[in-house]
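Close look at the chain arrangement
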Amino acid sequence: MSLIEITEVKKRFGDNEVLKGINIDVEPGEVIAIIGRSGSGKSTLLRCINGLENIDEGSISVAGAQLLPDELHLKALRLKVGMIFQSFNLFPHLTAGRNVMLSQMVVKKTPRAEAEEMAKKMLERVGLSHKFDAYPDQLSGGQQQRVAIARALAMQPIALLCDEITSALDPELVNEVLAVVKELAAEGMTLMMVTHEMRFAREVCSRVVFMHQGRVHEIGPPEEVFSNPRTAELQQFLGVTH
Amino acid sequence: MNDFTTWDILRNLLLAARWTVLLSVVSFIGGGLVGALLLFLRIGKSRLGQIFVRFYVEIFQGTPLLMQLFLAFFGLGLFGIDVPAWLAAAVALILWSAAFLTEIWRGCVEAVARGQWEASSSLGMGYLQQMRYVILPQALRVAVPPTVGFSVQVVKGTALTSIIGFVELSKAGTMVTNATFEPFTVYGFVALIYFCLCWPLSKSSQILERKLNVAHRNH
Ligand SMILES: Nc1ncnc2c1ncn2[C@@H]1O[C@H](COP(=O)(O)OP(=O)(O)O)[C@@H](O)[C@H]1O
Ligand SMILES: [Mg+2]
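Residues numbered from 1 in each chain as written. Chains lettered and ligands numbered in written order. Predicted model: local features only at pLDDT ≥ 70, side-chain atom pairs only at ≥ 80, totals over all residues. Heavy atoms only, no water.

1. What about the overall build of chain B?
As a reminder of what qualifies: Here a helix means four or more residues in a row that DSSP labels H or I, a strand means two or more in a row labelled E, and each is numbered from the N terminus. Only protein chains enter the accessibility calculation, which uses a 1.4 Å probe; a residue is then buried when its area is under 20% of its type maximum, exposed when over 50%, and partly exposed in between.
If you tally the helices and strands in chain B, you get eight helices and zero strands. The order of α-helices and β-strands along chain B, N terminus first, is α-α-α-α-α-α-α-α. Its C-alpha atoms give chain B principal-axis dimensions of roughly 75 × 50 × 20 Å. The proportion of buried residues among the 219 residues of chain B is 44%.

2. Points about the packing of aromatic side chains
Residue and element names in this part refer to chain A. The criterion, for reference: In this analysis, rings of Phe, Tyr and Trp, with Trp reduced to its six-membered ring, are considered paired at centre separations within 6.5 Å, and the interplanar angle assigns stacked below 30 degrees, edge-to-face beyond 60, and tilted for intermediate values.
Taken as a whole, this structure holds eleven aromatic pairs over all chains when the rule is applied. Ring geometry for F210 versus F237: centroids 5.4 Å apart, planes at 40 degrees, classification tilted. Residue F210 is located in strand β9 (residues 207-212), and its partner F237 is located in helix α9 (residues 232-241); the two are separated by 27 residues in the primary sequence. Its relative accessible area of 1% is what places F210 among the buried residues.

3. Focus on unusual backbone geometry
Trans is the common state for peptide bonds, and a negative phi is the common state for residues other than glycine. The backbone phi angle of A63(A) is positive, close to 50 degrees, even though this residue is not glycine. Relative to the helices and strands, A63(A) is located in the loop between β4 (57-62) and β5 (65-66). Unlike most non-glycine residues, F181(B) shows phi in positive territory, near 55 degrees.

4. Examining the site of ligand 1
Residue and element names in this part refer to chain A. Condition: Think of it this way: one heavy atom of a residue within 4 Å of a molecule or strand is enough to make that residue near it. For this analysis, a polar contact is any N or O atom pair within 3.5 Å, provided that within protein one partner can donate a hydrogen and the other can accept it, and provided that sequence-adjacent residues contribute only side-chain to side-chain pairs. Only the protein chains shown count as cover for residues, and the accessible areas themselves come from Shrake-Rupley with a 1.4 Å probe.
Ligand 1 sits among F13, N16, V18, R37, S38, G39, S40, G41, K42, S43 and T44. Here an oxygen atom of ligand 1 sits 2.6 Å away from a polar atom, N or O, in the main chain of G39. Within the backbone of S40, a nitrogen or oxygen atom sits 3.2 Å from an oxygen atom of ligand 1. Burial of ligand 1 by the protein amounts to 60% of the accessible area it has alone, namely 560 Å². The element contributing the most residues to the shell around ligand 1 is helix α1 (residues 42-49), with three residues.

5. Some remarks on the UniProt feature "transmembrane region" (unreviewed entry) in chain B
All names here are of chain B. In plain terms, the rule: UniProt positions are given in the numbering used here, feature names are shortened, and annotations may be inferred rather than shown by experiment.
Feature annotation in UniProt places "transmembrane region" (unreviewed entry) on residues 20-43, 55-79, 85-105, 139-164 and 184-202, given in this structure's numbering. With 100% helix and 0% strand, the stretch residues 20-43 has end C-alpha atoms that lie 33 Å from each other. End C-alpha to end C-alpha, residues 55-79 measures 24 Å, and it is 88% helix and 0% strand.

6. Some points on the pairing of strand β7 (residues 159-163) of chain A
Residue and element names in this part refer to chain A. Rule in force here: At least two bridges found by DSSP between two strands is the condition for calling them paired. Note on handedness: a clockwise path from strand one over the helix to strand two, with the strands aimed away from the viewer, defines a right-handed crossover.
Most of β7 sits out of view: five of its five residues are buried. As defined by bridge partners, strand β6 (residues 81-84) adjoins β7 across four bridges and the pair is classed as parallel. For G82, the partnering residue across the bridge sits in β7 and is L160. Note that β7 and strand β8 (residues 190-194) share five bridges and pair parallel. The residue bridging L161 from the neighbouring strand is M192, located in β8. Handedness of the crossover is the feature at issue here: the chain leaves β7, passes through helix α6 (residues 171-186), returns alongside β8, and the resulting connection is right-handed.

7. Remarks on the UniProt feature "domain: ABC transporter" (unreviewed entry) in chain A
Here the UniProt-annotated "domain: ABC transporter" (unreviewed entry) positions come out as residues 4-238 of chain A. Annotated as residues 4-238 of chain A, this span is 40% helix and 26% strand, and its ends, taken at the C-alpha atoms, are 27 Å apart.

8. So, the nonpolar core
Selection criterion: What is meant by a nonpolar core is a set of buried Ala, Val, Leu, Ile, Met, Phe, Trp, Tyr and Cys residues, joined one to another through side-chain atoms within 4.5 Å. Working rule for contacts: check all heavy atoms of both residues, and any pair within 4.5 Å makes them a contact.
Ranked by size, the top nonpolar core spans 74 residues in total, and within it I4(A), I6(A), I34(A), L45(A), I49(A) and M192(A) carry the most contacts. With 13 residues, helix α4 (residues 85-111) of chain B is the single largest residue contributor to this core. With sequence-adjacent residues up to four places away left out, I4(A) is seen in contact with I24(A), D25(A), V26(A), I49(A), S61(A), V62(A), A159(A) and M192(A). Core analysis: the next-biggest nonpolar cluster, separate from the first, contains 53 residues, A115(A), I149(A), V181(A) and F237(A) among them.

9. A few points about the UniProt feature "domain: ABC transmembrane type-1" (unreviewed entry) in chain B
The sites that UniProt annotates as "domain: ABC transmembrane type-1" (unreviewed entry) are residues 17-205 of chain B. Helix and strand shares over residues 17-205 of chain B are 84% and 0% respectively, and the end C-alpha atoms of the span are 22 Å apart.

10. A look at a nonpolar patch on the surface
Note the cut-off: Patch membership needs two things, relative accessible area over 30% and no salt bridge, and members are linked within 9 Å if like-charged or within 5 Å if nonpolar (Val, Leu, Ile, Met, Phe, Trp, Tyr). Any carboxyl oxygen of Asp or Glu within 4 Å of a side-chain nitrogen of Lys or Arg constitutes a salt bridge here.
Together, V21(B), V25(B), I29(B) and L33(B) make up an exposed nonpolar region whose accessible area comes to about 350 Å². Among the secondary structure elements, I29(B) is positioned in helix α1 (residues 6-43).

11. What to know about the environment of R106(B)
All names here are of chain B. Within the element layout of this structure, R106 appears in helix α4. Taking the relative accessible area as the measure of exposure, R106 reaches 17% and is therefore buried. Polar contacts involving the side chain of R106 include one to the side chain of E103, which spans 2.9 Å.

12. Structural notes on helix α2 (residues 47-62) of chain B
Residue and element names in this part refer to chain B. Put simply, the rule is: Here the expected length of a helix is defined as 1.5 Å per residue gap, with one fewer gap than residues. When we speak of the arc, we mean the arc of directions from the helix axis to the C-beta atoms.
Counted at 1.5 Å a residue, the expected span for α2 with its 16 residues is 22 Å, and the 22 Å between its end C-alpha atoms agrees. Every buried residue of α2 is listed here: G49, Q50, V53, Y56, V57 and F60. The arc that holds the buried residues of α2, viewed along the axis, is 130 degrees, so those residues lie on one side. Counted as exposed and oriented over 90 degrees from the buried face of α2: R47, L48, F55, E58 and G62. Contacts made by the buried residues of α2 are with α1, α3 (65-78) and α4.

13. Notes on the environment of P84(B)
Within the secondary structure layout, P84(B) lies in the loop between α3 and α4. Once the C-alpha coordinates of P84(B) and G173(B) are considered, the two residues, 89 residues apart in sequence, prove to be 21 Å apart.

14. Overview of the pattern of salt bridges
According to the stated counting rule, one finds 17 salt bridges over all chains in the structure shown. Where K45(B) meets E71(A), a salt bridge forms, and the shortest distance between an N and an O atom there is 3.7 Å. On the criterion of chain membership, the pair formed by K45(B) in the loop between α1 and α2 and E71(A) in helix α2 (residues 71-80) is interchain, its members lying in two chains. Owing to a relative accessible area of 60%, K45(B) belongs among the exposed residues under this scheme. One salt bridge in this structure joins E218(A) and R230(A), with 4.0 Å as the shortest N-O distance. Placement of E218(A) in strand β10 (residues 215-220) and of R230(A) in the loop between α8 (222-227) and α9 is noted, with a sequence separation of twelve residues between them. In this structure E218(A) comes out as buried when scored by relative accessible area, which is 3%. Three or more residues joined by partner-sharing salt bridges are found here, namely K10(A), R12(A), E17(A) and E57(A).

Below you can see the structure in the form of structure tokens.
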């Protein structure tokens, strides 16, 4: 059984059909890169998997449990799947440490001391143990994104969804974030990441999904997809980004 | 001439100003409490609650405060309830303040970035948890300057209650004028006292706004 099963998923915004029947099965420990033009539905797909958008047709299941749009099922889903955003979305009124502690204490009812222990451990994991008491606006973009990763990891998810998590960063800060992601991948975390970092996708990912106009246009191991694109759309897309 | 000294005039006005202050405080705090309640209905999930509050706000923002005072004073009288002026004044001002404060605060809640909702959702928080730990703490900081600023409107609003016979600063001004025939002196003092009440409020609202703009942080 696959860890994440996406079957015939359709999503419309009004008349605009953004996902037109997506099928992807993700095995445990896989790292999937999702590439494609802006507007092709990459973010929407990730948001559907995390329940931030309701799907109109099809089904999504995570670790065998069907995604249902009521609060109880959503909460159960979100305990299993974490999400990292392009814009970090740290809580600006809380320190880095408190950012990582909050959801543990509020959602999982973890006692404070234990949550703090976990927060220290997770911040250490992303190389920021010395920033426990710093507020988000005292951190660089790269550091903020690493705190966001630590915050998601503290909930001990079985998979992470990353939506262009380096796109808002200055070029010199991209690598520190990618290094963290690479390490997670090496530790066996299941990852689905929308990215424009083709080199990273080639090095780290087990499969690459090329989305085009709301469909999975091509899917396969990176060597194949990058070296041997079959469709004109992918050839053009890779030509443009290279 | 008359035997009122300037000090007599001022003393009478200051005594009456106590009632202006008391009515302002009661209206502001009462309006804040009712306003908070309305806010939760307005941003809550119940459709009916939202509609009710929108309706409420439209009515109180769309009619003059003076009419609201008249309705509270004479309207309740129609039902055989004998409403003292102070009670009608307080009730009308509380309901009126609540409408404005709810709108101010709703704006502050909506000013919190969408990403904050999404991040806290993706971490598994429910609606009430998001509100309590993520959204309201941020909205509260934005809300302080306009809320303090609105208190000035409340102070000035109390002047209208003189018309239904509540003896506060303005009413006292009229009464003292009738006794002294020195309207310019008397109303000059009245205006000065209002200014002394309002200016520190609007000034601190400005300072708070600047401070919160400079330091986004919560330390
Ligand atoms: N909340 C929304 N309401 C309406 N249309 C949306 C919404 N979110 C995304 N879309 C539309 O869906 C399409 C795909 O968007 P998105 O998934 O963000 O693409 P990508 O991430 O690949 O750039 C776009 O045409 C966008 O305008
Ligand atoms: Mg996107």
